[in-house]
Every structure is written in C-alpha cells, then in structure tokens.
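Residue-level listing of the chains:
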Amino acid sequence: MSLDDASGDAPAIRLVEAFAKEQYNGARGSHDWEHTLRVVRLCRHIGPLETADMPVLLSAAFLHDIGRGHQDKARGALCHAEKGKTLAEPFVMGLPFSEDRKMNILHCISAHRFRGKNAPDTLEARVLFDADKLDAIGAVGVARAYLFAGEVGACLHNPDIRIEDTTPYSKDDTGYREFRVKLCKIKERMLTETGRRMAEDRHNFMEHFFIRFIQEVNGER
C-alpha cells in the first residue's frame, strides 16, 4: 500500500498496520481485516480531498475496529469503538507522533461507531466515520449485511415479524432488517462533502437492490 501522501511518517504507519493486523485473528468476515483495508482505501481517497492529516487518519483507520471481536463475543453488550480505544492506547502512546496527533488517533477510534456515544469532533474523525459508513452501504454493504446475518445465524428473510419487534444477534437479524434499521439512514449521517456525495450513489444502488429483493421474495419478479 503506497504511503506517498504520508511519506515522512510511513515507517510509523507501517508499525500501526502490523500491530492492527495482529488483532484480527478469528475476526468474523463482516468486520475482518479486509473490511479495515477497504476503510483505509476510502480514507486515502477522501482524506486528501478534505485536507485531513493523513498520518493520523491512516493510523486510526487501521486501528478503528480492533475491538470488534470483543463486541461480537459479548453479542453487542459492549461498544467496540470504546474497547478499541482502550486496546490501542498503550500502543498509540508509544508512536513517534505529537501528543495532539496521538490523542486525535484515539478520538477517531472511539468516535467512529454509527450507534456510538462519542461524536466525531475532528476532521480526521469525521473522515474515518464516513469511510467506515460507506463500507456499510452500496454493493459491499449489501454483501456485508448478509454475511453478518449468516454469522449470527439469521434466516434469509422473515416477513412474519415487525422490524420493530426484532432483536440484534438473533435469527431475525436479517440483511433486510439491517437495511431498515441502519443502512437506509446512513446517507443522512455523513459528515464530509465527499462522503455525502459517495453515500448518495451507494444508497441509490442499495435501495434498488432491496426493492427488487422484496419483489422476488413475494414472487412478483
């Protein structure tokens, strides 16, 4: 992966990448290392357009989901963004960055979650938030929704229960439920101009997919 846009800090970022990758042993496919690499690529695209501090942004992107496995094991009972910050902090504090940069990296990790309590207060946190959300919508987002549904043992579709009565990490946590509960709302939550533009395109694709999905389930197409 080229680090031309952060060449002076490339050795430190490679250290971050290596450390982060070690945390993904046994991670579920919907939030595995490949997800992180897609988010990194999105950050590399969005970051320069939004004039973000790229060493901070790339470091946070590599580290943002290292707490996800803990949330999955707890079946959603803990916040992976907050856990990720806790796991990353000893490592981040040893990086050859300024204190402000280190604190920004940790803030980005803690503030990237859609359902999180911490608002992204820095430009880099907003770019990471958008990049992470973009990977949840569009064609990749549809694929990940069904991948996650399979991981938690959900059925393909359950028209006999209201979405409001379903629960996460259950047989009713379907790809369509994820679309209705979360994915359809993402484009309205984007925080950067580039992210909003990209989200509009991905949302339109996803919306058409789920319209067709329901039509096929109902035998109409």
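The model shown is predicted, which means the values in this text are computed figures rather than measured ones. (Residues numbered from 1 in each chain as written. Predicted model: local features only at pLDDT ≥ 70, side-chain atom pairs only at ≥ 80, totals over all residues. Heavy atoms only, no water.)

1. Details of the overall build of the chain
Counting its secondary structure elements, the chain contains 10 helices and zero strands. In the chain, the order of α-helices and β-strands from amino to carboxyl end is α-α-α-α-α-α-α-α-α-α. A total accessible area of about 10,500 Å² is found for the chain, and carbon and sulfur atoms account for 50% of it. (Helix = DSSP H or I, 4+ residues; strand = E, 2+ residues; numbered from the N terminus. Areas by Shrake-Rupley, 256 points an atom, 1.4 Å probe, with all protein chains shown as cover.)

2. A closer look at the nonpolar core
With 53 residues, the main nonpolar core has Phe62, Leu63, Ile105, Leu128, Leu134 and Leu183 as its most contacted residues. It is helix α3 (residues 54–63) that contributes the most residues to this core, eight residues altogether. For Leu128, the residues in contact, after removing those within four places along its chain, are Val39, Cys43, Leu57, Ala60, Ala61, His64, Cys108 and His112. Of all hydrophobic cores here, the second largest spans five residues; its members include Phe148, Ala149, Ala154 and Tyr169. (Core = buried A, V, L, I, M, F, W, Y, C linked by side-chain atoms within 4.5 Å. Buried < 20%, exposed > 50% of the residue type's maximum accessible area, 1.4 Å probe, protein only. Contact = heavy atoms within 4.5 Å.)

3. Overview of the packing of helix α5 (residues 80–92) against helix α6 (residues 99–110)
Packing of α5 against α6 brings their axes to within 8 Å, and their N-to-C directions diverge by 160 degrees. With respect to α6, the element α5 is oriented roughly antiparallel. Seen from above, α5 lies across α6 with right-handed handedness. Where α5 approaches α6, its residues Ala81, Gly84, Lys85, Ala88, Glu89 and Val92 are matched on the opposing element by Lys102, Ile105, Leu106, Ile109 and Ser110. (Axes fitted to C-alpha atoms, helices over the stretch in contact; angles between N-to-C directions. Parallel < 35°, antiparallel > 145°, perpendicular 65-115°, else oblique. Left-handed = near helix turned anticlockwise from the far one by under 90°.)

4. Focus: the pattern of salt bridges
One pass over the full model with this rule turns up 13 salt bridges. Residues Lys102 and Glu99 are paired through a salt bridge, measuring 3.3 Å at the closest nitrogen-oxygen approach. On the criterion of helical spacing, the pair formed by Lys102 and Glu99 is a turn pair, its members being three residues apart in helix α6. A salt bridge links Asp135 to Arg144, with the shortest nitrogen-to-oxygen separation between them at 3.2 Å. (Salt bridge = Lys/Arg side-chain N within 4 Å of Asp/Glu carboxyl O.)

5. A short note on the confidence of the model for the chain
Looking at the chain, the pLDDT average stands at 90 and 89% of residues meet or exceed 70. Averaged pLDDT values for the elements of the chain fall to 62 in helix α4 (residues 68–73) and rise to 98 in helix α10 (residues 193–217). Counted against residues more than four places away or in other chains, residues 1–5, with its pLDDT under 50, gives 14 contacts. (pLDDT = per-residue confidence, 0-100.)

6. Considerations on the packing of α6 against helix α7 (residues 123–134)
One way to put it is that α6 packs onto α7 with a least axis distance of 9 Å and a crossing angle of 35 degrees. Here the hand of the crossing between α6 and α7 comes out right-handed. Contacts between α6 and α7 pair Asn104, His107 and Cys108 from the former with Glu124, Ala125 and Leu128 from the latter. Within the contact of α6 with α7, the residues separate by chemical class into three nonpolar, two polar and one charged. (Nonpolar A, V, L, I, M, F, W, Y, C, P; charged D, E, K, R; others polar.)

7. Things to note about α5
Taking 1.5 Å per residue, 13 residues should reach 18 Å; α5 reaches 17 Å between its end C-alpha atoms and fits that length. Within α5, the axis deviates most sharply at Thr86, by approximately 25 degrees, and proline Pro90 lies no more than four positions further along. Burial in α5 covers these residues: His80, Ala81, Gly84, Ala88 and Val92. (Expected span 1.5 Å × (residues − 1). Bend = angle between axes of the 7 residues up to and from the residue.)

8. Examining unusual backbone geometry
Not every positive phi belongs to a glycine, and Thr51 is a case in point at roughly 55 degrees. Tracing the sequence through the fold places Thr51 in the loop between α2 (33–49) and α3. Overall, Thr51 belongs to the exposed group, its relative accessible area being 64%. The backbone of Tyr169 sits at a positive phi, close to 55 degrees, despite the residue not being glycine. Structurally, Tyr169 is set in the loop between α8 (138–151) and α9 (175–181).

9. What to know about the side chain of Lys102
Lys102 sits in the buried class, given a relative accessible area of 7%. Here the side chain of Lys102 touches Met93 through a polar contact of 2.8 Å, landing on its backbone oxygen. (Polar contact = N/O pair within 3.5 Å; in protein donor to acceptor, adjacent residues only side chain to side chain.)

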